[in-house]
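# Close look at the chain arrangement
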Amino acid sequence: FSFNDLVYAKASVEAQITLVILQALLWYWAIPQVAKVIKQYVKNKPYREQFVELSRKTWEASFKQKFDDAEVAFDYTCLFGGIILQHCLGGFLCLPSIIGVPGISPELAGALARHGALTEAGWELQDAIER
């Protein structure tokens with residue numbers, strides 16, 4: 001397969017597996033980087049304690065995840081910001097295929113949608129390996 005097959009996320013086993021592995025590597029690196037940026041931004045803000053407390057309450061109410069340590073809650077919440085970014089990007093890549101965008105060909109929209117799906121698959125692969 002060729003570089004062009006990767007750019008257009010060709011529907012071949014070789015291209016798809018390669019792209020999933022590349023996405024897994026990307027998100028393994030990128031999500032912690034996003035978390036660092038969020039932590040750096042929030043850590044000295046006057047609302048930091050409120051941010052952490054609201055995050056702890058949200059985790060417990062929504063996911064039954066209780067954090068006894070405020071710093072662990074803060075770290076996990078910042079990491080989750082990177083995870084949310086990944087999911088938003090995956091969904092955003094699918095939009096042209098779903099709603100149609102003038103100037104974007106069906107072929108390009110399909111390629112973007114495949115990349116969106118592969119972003120999700122890559123995230124899941126790295127998450128399964130990491131956890």
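This text follows the structure it describes.
Bear in mind that the values here come from a model prediction, so they are computed numbers and not experimental data. (Residues numbered from 1 in each chain as written. Predicted model: local features only at pLDDT ≥ 70, side-chain atom pairs only at ≥ 80, totals over all residues. Heavy atoms only, no water.)

## A few points about the nonpolar core
In terms of nonpolar packing, the biggest core is built from eight residues, these being Ala35, Val42, Val52, Trp59, Phe67, Ala73, Phe74 and Cys78. Sort the elements by how many residues they give to this core and helix α4 (residues 70–99) lands first, with three residues. In this structure, alanine 73 is in contact with Val52, Arg56 and Phe67, ignoring residues within four places of it in sequence. Residues Leu6, Ala9, Leu19 and Val20 belong to the second largest nonpolar core, which totals six residues. (Core = buried A, V, L, I, M, F, W, Y, C linked by side-chain atoms within 4.5 Å. Buried < 20%, exposed > 50% of the residue type's maximum accessible area, 1.4 Å probe, protein only. Helix = DSSP H or I, 4+ residues; strand = E, 2+ residues; numbered from the N terminus. Contact = heavy atoms within 4.5 Å.)

## Considerations on the packing of aromatic side chains
Per the stated rule, a full pass over the model turns up six aromatic pairs. With a centroid separation of 5.6 Å and an interplanar angle of 40°, the aromatic rings of phenylalanine 67 and tyrosine 76 are classed as tilted. Residue classification places tyrosine 76 among the partly exposed positions, given a relative accessible area of 30%. A cation over a ring is seen here: lysine 45 above tyrosine 41, with NZ or CZ 4.5 Å from the ring centre. The ring of phenylalanine 74 is capped by arginine 48, whose NZ or CZ atom sits 4.1 Å from the centre of that ring. (Phe/Tyr/Trp six-rings, centres within 6.5 Å; stacked < 30°, edge-to-face > 60°. Lys NZ or Arg CZ within 6 Å of the ring centre and 35° of its normal.)

## Thoughts on the packing of helix α3 (residues 48–63) against α4
Put simply, α3 and α4 touch, their axes get as near as 9 Å, and they point 80° apart. Relative to α4, the element α3 is oriented roughly perpendicular. Of α4, the residues touching α3 (which contributes Arg48, Phe51, Val52, Ser55, Arg56 and Trp59) are Ala70, Glu71, Ala73, Phe74, Tyr76, Thr77 and Phe80. Here the contact of α3 with α4 is composed, by residue class, of eight nonpolar, two polar and three charged. (Axes fitted to C-alpha atoms, helices over the stretch in contact; angles between N-to-C directions. Parallel < 35°, antiparallel > 145°, perpendicular 65-115°, else oblique. Nonpolar A, V, L, I, M, F, W, Y, C, P; charged D, E, K, R; others polar.)

## Brief notes about unusual backbone geometry
With a phi close to 50°, alanine 9 is a non-glycine residue in the positive phi region. By the element assignment, alanine 9 lies in the loop between α1 (3–7) and α2 (13–42). Alanine 9 sits in the buried class, given a relative accessible area of 0%. Phi at lysine 64 takes a positive value of approximately 60°, unusual for a residue other than glycine. Residue position: lysine 64 is located in the loop between α3 and α4.

## Some points on the side chain of aspartate 5
Among the secondary structure elements, aspartate 5 is positioned in helix α1. Here the side chain of aspartate 5 touches serine 2 through a polar contact of 3.0 Å, landing on its backbone nitrogen. When near neighbours in sequence (up to four residues on either side) are disregarded, aspartate 5 contacts Lys10 and Ala15. (Polar contact = N/O pair within 3.5 Å; in protein donor to acceptor, adjacent residues only side chain to side chain.)

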